[in-house]
Every structure is written in structure tokens, then in C-alpha cells.
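Chain by chain, the residues run as shown.
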Amino acid sequence: MEAYMTVILLGIFFSIFHWQASLCVSIAYLGIFYWKQLHIIIKTLPRDLRCLYRVRKMVNRTLHCKNKNTSVVDAFYSQLKKNPRNPCYYFEDQIWTYKDVEDYSNEVSNVFNDVGYSKDDVVAVLMGNCPEYVCTWLGLAKLGVVSALINTNLRLGVLAHCINSSNAKAIIFTDKFASVVQEVRELLEQDVKLYQVGGSASGDVQDLSKLMTSASQKPPNTKYKPGYSDQLLYIYTSGTTGKPKAARFPNSRFLLLTNAGQCLLNLRHDDVMYNPLPLYHVAGGGLGVGPALVLGIPCVIRAKFSASGYFEDCIKYNCTVGQYIGEMCRYMLASKPRPEDRQHKVRMMVGNGLQASIWRQFVERFGVTNIIELYGATEGNVNMGNLNGKIGAIGCIPQCLPRALIPVAIIRVNEETNEPIRTSKGLCIWCKPGETGMFVGAIKQNDPTRQYHGYLNQDESKSKVIYDVFKKGDQAFVSGDLVTMDEEGYIYFKDRTGDTFRWKGENVSTSEVESVVSSIIGLRECTVYGVQVGEMEGRAGMVAVAESEVPLDLPGLAEGLDRALPTYARPLFLRLTPTLPHTSTFKLKKVDLRREGFNPANTSDRLYFRQSASFTRLTSELYQDIVTGKVKV
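Anyway, here's the lowdown on the structure attached to this text. (Residues numbered from 1 in each chain as written. Predicted model: local features only at pLDDT ≥ 70, side-chain atom pairs only at ≥ 80, totals over all residues. Heavy atoms only, no water.)

### Things to note about the overall build of the protein chain
1) Next: A tally of regular secondary structure across the protein chain gives 19 helices and 28 strands.
2) Next: Against the globule reference of 26 Å for 633 residues, the protein chain gives a C-alpha radius of gyration of 26 Å, in line with a compact fold.
3) Next: For the protein chain, the C-alpha atoms occupy an extent of roughly 95 × 70 × 55 Å along the three principal directions.
4) Next: The buried share of the protein chain, reckoned over its 633 residues, is 55%.
5) Next: For the protein chain, the accessible area works out to roughly 28500 Å², and carbon and sulfur atoms hold 53% of it.
6) Next: The protein chain carries 72 positive and 62 negative side-chain charges, and their two centres are separated by 6 Å. (Helix = DSSP H or I, 4+ residues; strand = E, 2+ residues; numbered from the N terminus. Rg over C-alpha atoms; globule rule 2.2 N^0.38 Å. Buried < 20%, exposed > 50% of the residue type's maximum accessible area, 1.4 Å probe, protein only. Areas by Shrake-Rupley, 256 points an atom, 1.4 Å probe, with all protein chains shown as cover. Lys, Arg positive; Asp, Glu negative; His and termini not counted. Charge placed at Lys NZ, Arg CZ, Asp CG, Glu CD.)

The following block contains the structure:
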């Protein structure tokens, strides 16, 4: 503002004497003052124009789907009609054509149609990676039945919560999870029908494989036709507080994701995708398998990730596009070099979490120069990609556009509370380049690319929305992630806030872990948070426990954590401290604890590391072995 006033005053002054002098001085002043910004706009313009062109294509395709009321089932039928005998999915030594997917999904659809399942009923799906997984939820979608995709790592209470919160009427599971389902039955709040695929079903469990052998392979006899806005899936996310939450994933969101894949990633019809990611998450179960269903781009489904077998598979199936999460890349780099490392035809790898520290090394070893790092929120509308190979970036904000036209923003927040810092007028503040702030996305429910679908639970959905962001009456989705932007508009992920951290590719709710720890240790106060481990992607779990006169039973704590939590959610580090820090409003402070991490040099508190069946005292030597990778975590 001061710069503008100076220019105006100079203009008035010189206009009294000579308008030419006024004009020259004003232009010169503006040129000097804004030269750096103009230089950045000119430098990034080719990048931004390419990005905007691709975004425009994606928007047009998405609007076409909306106007035609297209569903995922409709898009699949379009591919089936064009290429019924073409490969849709490769799995181990099997080739699933579009006709195979149609037949299997129709069998599933008819089994459930015959017993009365219909639109908006919910069925939980607990299966490992395989083509049958996709065919199962596709078959249910033909009836309008919503599939709740269950994380296969979950057990007991957390698993029961996911099934109960979705109001599932049935569970479809493979024989591998039969004992897991039996263990959780007594915790279910309603009568849930059980359908087993493979193995020998017993008791009141229905043998779905047997039922399907006598079911028709023709489309189900139903008047219902799935539409663009209908619910398709529930995909679980830790969100920011408490247990996993069922995020709504309608047909519109699935189609937006596949359209983004085609337009932003420049997927081609001669591509073959390699997908070793779990199908219960958006990356593997949406972007991974979606292009095959919707676009005719076949996909290789891997049952379980293998570092040494990744490019071997890519060679076997002639894959051209590979998916990753950051830790996969680290494991692949740690594997023994092989000729297959560069004998593949992979032209592009797509994923999230590839650390800047190993990015160049990964490219040089495996020869995949086109790395596209993605960022997205399962339940929200903040999504972007690094389409230019900028090391470490998750995307960029075009510098040639005014901020009012940009659908995402980075706002200043209070470091302790994560609440937005506002101006005297009550509006949020854009972060300057180099500042760390919260990622938010503008909500426009009439715009299919900016809609916010949120969670199945409406109260949880509302908790992720802030109002009066940059003008009175507007609203935005709060991602819960801290990011920073450089002067050229490239965005870099910094950390997760609040009650969530990410480890081994999974989001972990600290309040849920705290609840488990509290149930084990009794009345002692505790807090859980994520800590950086060397250059590894994500944060490992650490629990700080207030000391008392009674020694803490370390083996008992370890056993209790193993019984109640999946592997990725179990704290690896323990801190015993005389007192836990609190804010002035008596909330536990985690900022300093996270900053100090598990380095013995940062505190006089006793620190421990989870090894085998207990926790081992953490020494400086052990700390070094962990951060350098000598000791695996």
C-alpha cells in the first residue's frame, strides 16, 4: 500500500509540471519495484500455461461426465463395448479382459440383487489386492450399493468401528481374513451378513464363490441406473481426530480422478500401469485401477509390493507407468542392483512421498526421468501434482493468475492450535514465499472440480471447513497439512498437524493410539506424536509418558500395543518424562516434543526404542544407527 501511495503522490506532483515526466517516473518506479515479480511470472509462464491447458482439458471432460450423468458403470460399459476382449487387468499369470470383469461383476451383482440389496445399502469389502476386489465393488455399484473399502491391517476395535460407522449390512471377505472377521463379530452393533470368497465357509457364513457359480452373468434385472452424483465407495482416512473415518467417494469423484490421470499425467491408450499399492486407498484403488475401467488403459495389480520384483514385473508386462509411495522408492534403492533396473520401458512414475534426498539417486539408478509427485486429500478438494519434475515439490501455484482465481491457498496458522491467524476484518492471511502454513481448498459445490464431499458423518465433515477465508461468506476445506511455497510457486510438504501423522504409507490417528496406550498404562498421562527418522518419508510414532512411583511395564506396553494396533500405528519410540508440557488452557503441547524427537542429546528424559518384544534404552550410538539406516525401523 505504501508503494502505491508513493507512486500516486509522485504522479500528482509531476503532473503539475509535466505529464510526460510523471508517466516516465511512475513507469520506472513500478518497473523497479515489481521487476522481481515480473521476472518470476515470465520465467514460470511456460510451466503455468502447460498446467492450465491440462487443467482445462480435465475440467471439460469432467463437465461432460456431469452433463451426461455418467457413472463409473457407464464408463466401464463404454470400454466393454469397444474392446470386450482387450486386457483390463493383469494379475500374476492371469489376464482379465473387459468381458471377464463384466461376467464376474454381474455374478456378484445378481447374488446381492436376488437377496434384496439395493441403492444406498452398504457392504464392507475386506480383501487383498486382486482383480476380484475391483469386480466386487463394481458389481455392487450396478445396484447402487456402496462398498466400504476396509484397510486389511485393521483388527478388533478399530475394524469394528469402520464396519459399524458405515452401517454395513454385509461383509465380503476372502478366506485369508476369515479368522479376523470372526474375532470382530461380537463387537458389531447390528446383524451383519457374512460372505466368504475362497476357502471353506462354515457356520452361518455364506459361500459367495459357490453362490456365484449359479448366478447369471448378465446385467442384474433392476430398474436402478447409477448416476454421476450417486455414492460409489467409502474410503477410510484417519482425518485429523479419532478413529478412521469413512470418506464419501461418489461416482463424480472417481471420474474426476481418472480424468485427472488422463489429462494432467498425459496417460496414453498404449500405456500399461503397474500398481503395487493397496486397493483400499485412493492411490491404488482409484488412480491405480480407475484408468483401466474408465479409459481402457490396462493395469497390472500386484498382490504385495516387492522391492526386487518391481521392475522385473514391469518388464514382464511391458509396463510404461509405475505407481509408488515414498518408502517403496527407498526400499528399491536399498535392494541389490540388477540388470532389470534399466531394462524396463517405464516412462513415468506417479505417487507421493518421494523424498528430495533420494529423488536424484532414484532417477539415476532406474532411468525414470519423469517423476510426478502427487498431493491429495481423500475426503477433501485440495489436489495437485508436480508435473515438471521439480525435486521435492508436490505441485505449484501458477504465478500468472491473480489469487482470486486460484482454488487453493496456504494460510497462516497458530503453531500451537493450528487455528487460522486472521486480520482485523476476520479474514485469513496468505503465507508469503518461505513461510509455513496450512493448505486449504476453496469450496464451490456447483463446480465438480471444487466440490467437498467430506465424511459419511456430517459433524466430522463440518469440522474440516472454515468460513470467511478471503472474503465474507466464502468457505474452504482445511487439509490439516503444513506446506510452504517458494518464490516460483512450487509447493513443498512440511508436516501434518493436529492429531495425525503418516508412517509406512498409512495415516495414524494420535488420539486413537493415545487411547490404546492409556488403556494399558492406567492413570499416567501420555501423548502421542510423529517424529522424523533420518531421511525416511513420513513420521514414526512416539509416545511420551509421565513418570510415577510405579515403574512402567515395558514388555506389557509392547504386548498391549501389538494386540490392539496395526504394525504401522505402533509407537517405535518411548519417552519417560517427569511432566508433560501444557498450554495455558491445559492442552498438551506437542510442538517441542516433536522438535526434540528421539535424539538423546536433546533431552535429559529417558528415551526408548521398540525392539523385539519390549523397549530398549536409547543411547547415542543406537540413535545414530537408526538415523543412518544401520538399524531398520
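### Some remarks on the environment of Tyr608
1) Next: Residue position: Tyr608 is located in strand 27 (residues 606-611).
2) Next: With relative accessibility at 9%, the residue Tyr608 sits in the buried group.
3) Next: Residues Tyr608 and Gly454, 154 residues apart in the sequence, show an inter-C-alpha distance of 38 Å.
4) Next: Leave out the neighbours within four places in its chain, and Tyr608 touches Leu554, Leu572, Phe573, Leu574, Leu576, Phe615, Thr616, Arg617 and Leu618.
5) Next: Among the polar contacts listed, one links the side chain of Tyr608 to the side chain of Arg606, at a separation of 3.3 Å. (Contact = heavy atoms within 4.5 Å. Polar contact = N/O pair within 3.5 Å; in protein donor to acceptor, adjacent residues only side chain to side chain.)

### Regarding the pairing of strand 3 (residues 122-126)
1) Next: Within strand 3, 5 of the 5 residues are buried, which leaves the element mostly enclosed by the surrounding structure.
2) Next: Of the two faces of strand 3, the one carrying Val122, Ala124 and Leu126 and the one carrying Val123 and Val125 are both buried.
3) Next: Pairing analysis gives 4 bridges linking strand 3 to strand 4 (residues 146-149), with the strands arranged parallel. Looking across to strand 4, one finds that Ala124 is bridged to Ala148. (Pairing = 2+ DSSP bridges.)

### Brief notes about helix 13 (residues 326-334)
1) Next: Counting buried residues in helix 13 gives 7 out of 9 residues, a clear majority hidden from the surface.
2) Next: Contact partners of the buried residues in helix 13: helix 12 (310-316), strand 12 (321-325), strand 13 (348-352) and helix 14 (356-366).

### Here's the deal with the sheet that holds strand 28 (residues 614-617)
For sheets, the rule is that strands pair by backbone hydrogen bonds, running either parallel or antiparallel.
1) Next: Within the open sheet, the 5 strands sit side by side as 24-25-26-27-28. Their pairing is mixed. Every interior strand has two partners, whereas the edge strands, strand 24 (526-531) and strand 28, have only one. Neighbour-to-neighbour, the strand axes of this sheet turn through a mean angle of 30°, independent of strand direction.
2) Next: Here helix 16 (residues 510-521) sits on the sheet and contacts strand 24 and strand 25 (540-546); the angle it forms with strand 24, its principal contact strand, is near 135°. (Axes fitted to C-alpha atoms, helices over the stretch in contact; angles between N-to-C directions.)

### Regarding the sheet that holds strand 2 (residues 94-97)
1) Next: Strands sit in the order 2-1-11-10-12-13-14-15 across an open sheet of 8 strands; the sheet is mixed. Only two strands of the sheet have a single partner each, and these edge strands are strand 2 and strand 15 (383-386). Each strand of the sheet is rotated relative to its neighbour by a mean of 25°, with strand direction disregarded.
2) Next: Across 4 bridges, the pairing between strand 14 (residues 370-376) and strand 15 is antiparallel. Following the sheet pairing, Gly376 is matched in strand 15 by Asn383.

### Quick notes on the packing of aromatic side chains
Both the distance between ring centres and the angle between the ring planes are used here to describe each pair of aromatic rings.
1) Next: Within this structure, the stated rule accounts for 17 aromatic pairs.
2) Next: Taking the centre distance of 5.5 Å and the plane angle of 65° together, the rings of Trp137 and Phe254 count as edge-to-face. With Trp137 in helix 5 (residues 131-141) and Phe254 in helix 9 (residues 251-264), the pair connects residues that are 117 residues apart, well separated along the chain. Each member of the pair, Trp137 together with Phe254, is buried.
3) Next: Ring geometry for Trp430 versus Phe470: centroids 6.0 Å apart, planes at 25°, classification stacked. A residue pair is termed long-range when its members are at least 10 positions apart, and Trp430 in the loop between strand 17 (408-411) and strand 18 (436-442) and Phe470 in the loop between strand 19 (465-467) and strand 20 (475-485) qualify at 40 residues.
4) Next: Its relative accessible area of 32% is what places Phe470 among the partly exposed residues.
5) Next: An aromatic cluster of three or more residues is present, and its members are Tyr274, Tyr310, Phe311, Phe362 and Phe366.
6) Next: Taking the ring centre of Phe615 as reference, the NZ or CZ of Arg610 above it sits at 5.8 Å. (Phe/Tyr/Trp six-rings, centres within 6.5 Å; stacked < 30°, edge-to-face > 60°. Lys NZ or Arg CZ within 6 Å of the ring centre and 35° of its normal.)

### Quick notes on the nonpolar core
Soluble globular proteins tend to pack their nonpolar side chains together in the buried interior.
1) Next: Judged by nonpolar contacts, the single largest core of 71 residues is most densely connected at Tyr89, Val101, Phe112, Tyr133, Trp137, Ile172 and Leu293.
2) Next: If one sorts the elements of this core by residue count, helix 5 sits on top with 7 residues.
3) Next: Among the nonpolar cores identified, the runner-up in size contains 67 residues, and Tyr234, Val508, Met536 and Ala569 belong to it. (Core = buried A, V, L, I, M, F, W, Y, C linked by side-chain atoms within 4.5 Å.)

### Here we look at the pattern of salt bridges
Pairs may arise between side chains of opposite charge once their charged atoms sit close together.
1) Next: Following the criterion strictly, the structure yields 32 salt bridges and no others.
2) Next: Lys142 is the salt-bridge partner of Glu102, the closest N and O atoms lying 2.7 Å from each other. Of this pair, Glu102 sits in helix 4 (residues 98-114) while Lys142 sits in the loop between helix 5 and strand 4, and the two are 40 residues apart along the sequence.
3) Next: Look at Glu102 and you get buried, because its relative accessible area is 6%.
4) Next: With its nearest N and O atoms 2.7 Å apart, the salt bridge here joins Arg595 to Asp592. Residue Arg595 and its partner Asp592 are located together in helix 18 (residues 591-596), separated by 3 residues, close to a single helical turn.
5) Next: For Arg595, a relative accessible area of 53% gives the class exposed. (Salt bridge = Lys/Arg side-chain N within 4 Å of Asp/Glu carboxyl O.)

### Focus: the packing of helix 3 (residues 72-82) against helix 9
1) Next: For the pair helix 3 and helix 9, interaxial distance at closest approach is 9 Å and the crossing angle is 45°. Taken as axis vectors, helix 3 and helix 9 run oblique relative to one another. Of the residues in helix 9, those in contact with Val72, Val73 and Ala75 of helix 3 are Asn251, Phe254 and Leu255.
2) Next: Looking at side-chain class alone, the contact of helix 3 with helix 9 contains 5 nonpolar, 1 polar and no charged residues. (Parallel < 35°, antiparallel > 145°, perpendicular 65-115°, else oblique. Nonpolar A, V, L, I, M, F, W, Y, C, P; charged D, E, K, R; others polar.)

### A closer look at the state of the cysteines
1) Next: The full count for this structure, using the stated rule, is 0 disulfides.
2) Next: With no disulfide of its own, Cys130 lies 8.5 Å from the sulfur of Cys135, the closest cysteine sulfur.
3) Next: The exposure class assigned to Cys130 is buried, which follows from its relative accessible area of 9%.
4) Next: With no disulfide of its own, Cys428 has Cys431 as its nearest cysteine by sulfur position, at a separation of 10 Å. (Disulfide = S-S within 2.5 Å.)

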